[in-house]
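Residue-level listing of the chains:
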Amino acid sequence: MTYAITQTCCNDATCVAVCPVNCIHPTPEEPDFGRTEMLYIDPKSCIDCGACADACPVDAIFPADALRPGQEAYAAVNAAFYEDRAPREAPAEGPVFHAWGAPSFERSLPSDFGRLRVAVVGTGPAGMYAAEDLLLHTDAEVTLVDRLPVAGGLVRYGVAPDHPATKRIGDTFARFHTHPRVRMYLGVEVGTHVTAEELAAHHDAVVYAVGAAGDRRLGIPGEERTGSLSATEFVAWYNAHPEVAPEAIDLSGTERVVVVGTGNVALDVARILVADPEALAATDIADHALAALRASAVREVVLLARRGPEDLACTAPELLALGQLPGVRLVVDDHDPRVWAAVEAAGPRDKAALLRGALRERVDWAAPAGAERRVVFRFHSAPEEILDGAVRVTGGTDTGTDTDTGSGSGSGSGSEAIPAGLVLRAVGYRGLPVADLPFDGATGTVPHTGGRVEGRPGTYVVGWIKRGPSGGIGANRTCAAETVSTLLKDAVAGALPAPTGTARGFDRLARRRAGHVVDARGLAAIERAERARGEEAGRPRVKLGTLPELVAAARGRRRAAR
């Protein structure tokens, strides 16, 4: 029996570190790491020790012969990764299965290296991996700062609620919230409550892990209409983000939703819209979103793609999960002969091959959405204009005829209006300028060298604000390692500006300016409050969805203590 890695793989690579026979690839030292959709176990080398399953922070590894329904395909997915890879030669001597490289120690700190005080701005995966690295490998003191009064970032507000295993990475991070060398300041915004200069003055170094909070635009007419929103806002809405109002999304009057894009966020949105609300009731989805989905009229979600099936932007695991959604039909609109030709030509490792089990249908958009719930892939169709209750797409036909006007366009690619009560753009995230830091508007990132912000000694970046919105949760681990290594090299070289303020001075400053600072004990109180609400409702947790509610829950701990 061998083990297999499944859908919720986060690329954290903790499993790689504990594997005694080096059978999990790509490793962080290999060029493919961070480029593949997940990690893979070589079934020919696995010795069934189970160490990887024990270490996995997101419960993504299972015995291949004990995979749950819907996961059986992952045994073949893992094996297929090794089919065209050159075999690794075993060492000539010794009872081991793989040759190991020589150990390397890239960091070497002097024995008299002083204790650093480092601020990490952002408590999502990137920030917490940076904090973890500092706490485990140095004796640094870490100040965690977040503009929201609750920690978690992408794990809390970005991961879909029906992916609870992925959210478990948050438990790994949470153990550092109460670390004796950590001070937490939630509800403190850099640039509003304290300036970047003030933060830097009280610390040896500052690491910004603020992510990519913006979204890319379509740049088409009608994008600002009512009923046209970003998938970013929709994801925040169903995850109870306090900056998105419960009434921001209305699903009661629309049977069809068009989602522009085929990345993982687009598939998350589609899956939530058509999933059985009672199945979602077993998750931590926002109360208001669950109520809206129970009353929803949505029966069909259209995933609009400019290119063909061969260029699907989602990962294979997410596409597999979409095709296995109970009670939901997967459809490929056969409006263009190139579409199904690409599906049939796909190789066994191509994502397009996963669409062969979908229904092939020439969809009649003039007809209302049927009673069955379904997700329709519409390829070779670019959004041209968002209308009142519809979205016009190019590539609508292969005849060069505009189906609305009856006039020939002469381009061989007509246009067509797809009726939809809601249009969500899911074409990518984008970083926003960070207070007082340089910013590259073209890439949506802060210019840096190995994580070091150009022209700002002692200032560093990590995560999406550093490299752009690419890579999953685990990719932030190697990203953070690079940034922390750069920071430590600068510290050893004496290149960090000496702080003029103290930890106690920053505490006074932050509490005076922000007013409602939540610390680790307050965060624990929020956790207890949400779990208590969940227990009353028969759910794992019910999130507090407004800033006053979060602050009040954190303060409730203090009142109880008095």
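The following refers to the structure shown. Please read these numbers as outputs of a predicted model, since none were measured by experiment.

1. Observations regarding unusual backbone geometry
For the bond from histidine 25 to proline 26, the omega torsion is -5 degrees, close enough to zero to count as cis. With respect to the secondary-structure elements, proline 26 resides in the loop between β2 (24-25) and β3 (40-41). A positive phi angle is found at aspartate 48, which is not glycine, with a value near 60 degrees. Among the residues examined, aspartate 48 registers a relative accessible area of 31% and is labelled partly exposed. Phi at histidine 380 is positive, roughly 50 degrees, even though this residue is not glycine. Structurally, histidine 380 can be placed in the loop between β15 (373-378) and β16 (382-387).

2. Describing the packing of helix α9 (residues 231-238) against helix α10 (residues 264-274)
Two elements in contact, α9 and α10, have axes whose closest approach is 10 Å; the angle formed by their N-to-C orientations is 50 degrees. In terms of their interaxial angle, α9 and α10 are classed as oblique. Handedness of the α9/α10 crossing: left-handed. Residue-level inspection shows Ala231, Phe234, Val235 and Tyr238 of α9 in contact with α10, the latter providing Val265, Asp268, Val269, Ile272 and Leu273. Among the residues forming the contact of α9 with α10, the class breakdown is 8 nonpolar, no polar and 1 charged.

3. Considering the sheet that holds strand β18 (residues 415-419)
Across a sheet, paired strands are connected by hydrogen bonds in the backbone, their directions being either parallel or antiparallel. Taking strand neighbours across the sheet as the criterion, the 3 strands line up as β16-β17-β18 in an open arrangement whose pairing is antiparallel. The outermost strands of the open sheet, each flanked by one partner alone, are β16 and β18. Each strand axis lies, on average, 30 degrees off the axis of its neighbour in the sheet, ignoring direction. Relative to strand β17 (residues 390-394), β16 runs antiparallel, the two sharing 5 bridges. Looking at the pairing, proline 383 lines up with valine 393 of β17.

4. Concerning the packing of aromatic side chains
Each aromatic ring pair is summarised here by two numbers: the centre-to-centre distance and the angle between the ring planes. Evaluation of the coordinates by the stated rule reveals 8 aromatic pairs. Taken together, a centroid distance of 5.2 Å and an interplanar angle of 80 degrees make the contact between tyrosine 185 and phenylalanine 506 edge-to-face. Of this pair, tyrosine 185 sits in strand β7 (residues 182-186) while phenylalanine 506 sits in helix α17 (residues 503-514); the two residues are 321 residues apart in sequence, bridging distant segments of the chain. Judged by relative accessible area, phenylalanine 506 falls into the buried class, the value being 2%. Between the aromatic rings of phenylalanine 234 and tyrosine 238, the centroid separation amounts to 5.5 Å while the plane-to-plane angle is 85 degrees, which identifies the pairing as edge-to-face. Placement of both phenylalanine 234 and tyrosine 238 in helix α9 is noted, with a separation of 4 residues, approximately one turn of the helix. A relative accessible area of 0% places phenylalanine 234 in the buried class. Members of the aromatic cluster, connected to one another through ring pairs, are Tyr40, Phe81 and Tyr82.

5. As for the pairing of strand β19 (residues 422-425)
Side chains of β19 alternate between two faces, with Leu422 and Leu424 and Val423 and Arg425 buried alike. One ladder, built from 3 bridges, connects strand β10 (residues 228-230) with β19; its direction is parallel. Counterpart to serine 230 in the pairing with β19 is arginine 425. Here strand β11 (residues 256-260) runs beside β19; their pairing, made up of 4 bridges, is parallel. Bridging across to β19, valine 258 finds its partner in valine 423.

6. As for the pattern of salt bridges
Under the defined criterion, the tally for this structure stands at 35 salt bridges. One salt bridge in this structure joins glutamate 361 and arginine 374, with 3.0 Å as the shortest N-O distance. Of the two residues, glutamate 361 is situated in strand β14 (residues 359-361) and arginine 374 in strand β15; the sequence distance between them amounts to 13 residues. Overall, the relative accessible area of 10% leaves arginine 374 in the buried class. Here glutamate 416 ties to arginine 378 by a salt bridge, and the two come within 3.0 Å at their closest N and O atoms. Taken together, the positions of glutamate 416 in strand β18 and arginine 378 in strand β15 put the pair 38 residues apart, joining distant regions of the chain. The pair formed by glutamate 416 and arginine 378 is uniform in burial state, with each residue classed as buried. Through salt bridges with shared partners, one network takes in Arg156, Glu527, Glu530, Arg531 and Arg541.

7. As for the packing of α10 against helix α13 (residues 316-323)
As a packed pair, α10 and α13 sit with axes 10 Å apart at the nearest point and diverge in direction by 15 degrees. As judged from the angle between their axes, α10 and α13 are roughly parallel. Relative to α13, the crossing made by α10 is left-handed. Residues Asn264, Leu267, Asp268 and Arg271 of α10 form the contact with α13, whose participating residues are Glu318, Leu319 and Leu322. Among the residues forming the contact of α10 with α13, the class breakdown is 3 nonpolar, 1 polar and 3 charged.

Criteria and cut-off values
For every chain, the first residue of its written sequence is number 1, and the numbers climb from 1 along that sequence. Residue-level local features of this predicted model are given only where pLDDT is at least 70; pairs of side-chain atoms are given and counted only at 80 or more, and the full residue set underlies all totals for whole chains, interfaces and linings. In computing side-chain values, all of the structure's heavy atoms are included and hydrogens and water are not. Counting from the N terminus, the helices are the DSSP runs of H or I reaching at least four residues and the strands are the DSSP runs of E reaching at least two. Burial status follows relative accessibility: with a 1.4 Å probe on protein chains alone, a residue under 20% of its type maximum counts as buried, one over 50% as exposed, and anything between as partly exposed. Axes here refer to lines fitted to C-alpha atoms; in helices the fit is confined to the stretch in contact. Angles between the N-to-C directions go from 0 to 180 degrees. Working rule for angles: under 35 degrees goes down as roughly parallel, over 145 as roughly antiparallel, 65 to 115 as roughly perpendicular, anything else as oblique. Here is the rule for handedness: rotate from the far helix to the near one, and if that takes an anticlockwise turn smaller than a right angle the crossing is left-handed, while a clockwise turn gives right-handed. Only heavy atoms matter for contacts: two residues are in contact if any of them lie within 4.5 Å across the pair. Just so you know the grouping, Ala, Val, Leu, Ile, Met, Phe, Trp, Tyr, Cys and Pro go in nonpolar, Asp, Glu, Lys and Arg go in charged, and all remaining residues, Gly too, go in polar. Note on pairing: DSSP must find at least two bridges between two strands before they are called paired. Under the pairing criterion, centres of Phe, Tyr and Trp rings, with the six-membered ring standing for Trp, must be within 6.5 Å; the plane angle then separates stacked pairs below 30 degrees from edge-to-face pairs above 60, leaving the rest tilted. Whenever Lys or Arg places a side-chain nitrogen within 4 Å of a carboxyl oxygen from Asp or Glu, that contact is recorded as a salt bridge.

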